[in-house]
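Listed below, chain by chain, are the residues.
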Amino acid sequence: MIKLSTFKHIAAIGIIGAMIFAGCGITVREQHARPNRGYYQHNSRQYDYRIQNNERRIANLRNSQHRDDVIVIEVRHNNMKKKLREYKGTTRHEWDSFKREFNHDMKELDKSLKGFSKRNKKR
């Protein structure tokens, strides 16, 4: 049978080893500082769909008589794509702020496209 002192040493080594291995990895603070990539990726896919839809609409308007207006809309659209592609937020709060601003810009672009389409059909 194992002596009591040997058992205490093995138990102490086991506890110390468990504490060392438990300390490896991400702490709670680091975990909150990391962006929620799944949430970001899910929403960025939705934006990708809306951006592709806007690209199709812009392509249909390129052959219109108001080419200068289409170019302005296209530049705004390309800036939004670049902004989404280069987003590098680190917290959920930053993502929410970015998303709020991006949604506002997307709605303004949609209004411009709808308004342009209506003007183009009237003529």
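Please read all numbers here as calculations on a predicted model, not as lab measurements.

Trainee: What's the story with the nonpolar core in this structure? I'm lost.
Mentor: Note that soluble globular proteins tend to have their nonpolar side chains buried in a common cluster. Counting residues in each nonpolar core, the largest one holds 16 residues, and the members touching the most others are Tyr 47, Ile 73, Leu 84, Phe 98, Phe 102, Met 106 and Leu 113. Broken down by secondary-structure element, the contributors of at least two residues to this core are α3 (37-61), α4 (67-85) and α5 (92-122). Among residues more than four places away in sequence, those in contact with Met 106 are Tyr 47, Arg 50, Ile 51, Asn 54 and Met 80.

Trainee: Can you walk me through the packing of aromatic side chains in this structure?
Mentor: The geometry of an aromatic ring pair is captured by the separation of the ring centres together with the interplanar angle, meaning the angle of the planes. This model, assessed by the stated rule, comprises five aromatic pairs. The interplanar angle of 25 degrees and the centroid separation of 5.5 Å between the aromatic rings of Phe 98 and Phe 102 together place this pair among those described as stacked. Placement of both Phe 98 and Phe 102 in helix α5 is noted, with a separation of four residues, approximately one turn of the helix. A residue is classified by how much of its surface remains accessible, and Phe 98, at 9% relative accessible area, is buried. On the basis of relative accessibility, which here comes to 0%, the residue Phe 102 falls in the buried class.

Trainee: Would you take a moment to explain the confidence of the model for the protein chain for this structure?
Mentor: Regions with low pLDDT carry predicted coordinates that are not meant to be interpreted in detail. On average, residues of the protein chain score 77 in pLDDT, and 72% of them are at 70 or above. Here helix α2 (residues 28-33) is the element of the protein chain with the lowest mean pLDDT, 49, and α4 is the one with the highest, 88. Here residues 30-36 is modelled with pLDDT under 50, and outside its nearest four sequence neighbours on either side it reaches nine contacts, counting other chains as well.

Trainee: Please explain α4 as it appears in this structure.
Mentor: Spanning 19 residues, α4 covers 27 Å between terminal C-alpha atoms, matching the ideal 27 Å at 1.5 Å per step. Three or more residues of α4 are buried, namely Val 70, Ile 73, His 77, Met 80 and Leu 84. End-on, the buried residues of α4 take up no more than an arc of 85 degrees, which puts them together on one face. The exposed set on the far side of α4, more than 90 degrees from its buried face, consists of Asp 68, Val 72 and Arg 85.

Trainee: Just checking my understanding: could you explain the pattern of salt bridges for this structure?
Mentor: Pairs may arise between side chains of opposite charge once their charged atoms sit close together. Going through the model one piece at a time under the given rule, you end up with eight salt bridges. Between Glu 55 and Lys 81 there is a salt bridge, with the nearest N and O atoms lying 2.7 Å from each other. Placement of the pair is Glu 55 in helix α3 and Lys 81 in helix α4, with a sequence separation of 26 residues. According to the relative accessible area criterion, Glu 55 is partly exposed, its value standing at 30%. One salt bridge in this structure joins Arg 92 and Asp 96, with 3.9 Å as the shortest N-O distance. With Arg 92 and Asp 96 both in helix α5, this residue pair falls four residues apart, about one helical turn. Beyond isolated ion pairs, a larger network of salt bridges with shared partners links Arg 50, Arg 57 and Asp 110.

Reading the values: rules and limits
Residues numbered from 1 in each chain as written. Predicted model: local features only at pLDDT ≥ 70, side-chain atom pairs only at ≥ 80, totals over all residues. Heavy atoms only, no water. Core = buried A, V, L, I, M, F, W, Y, C linked by side-chain atoms within 4.5 Å. Buried < 20%, exposed > 50% of the residue type's maximum accessible area, 1.4 Å probe, protein only. Helix = DSSP H or I, 4+ residues; strand = E, 2+ residues; numbered from the N terminus. Contact = heavy atoms within 4.5 Å. Phe/Tyr/Trp six-rings, centres within 6.5 Å; stacked < 30°, edge-to-face > 60°. pLDDT = per-residue confidence, 0-100. Expected span 1.5 Å × (residues − 1). Arc of directions from axis to C-beta. Salt bridge = Lys/Arg side-chain N within 4 Å of Asp/Glu carboxyl O.

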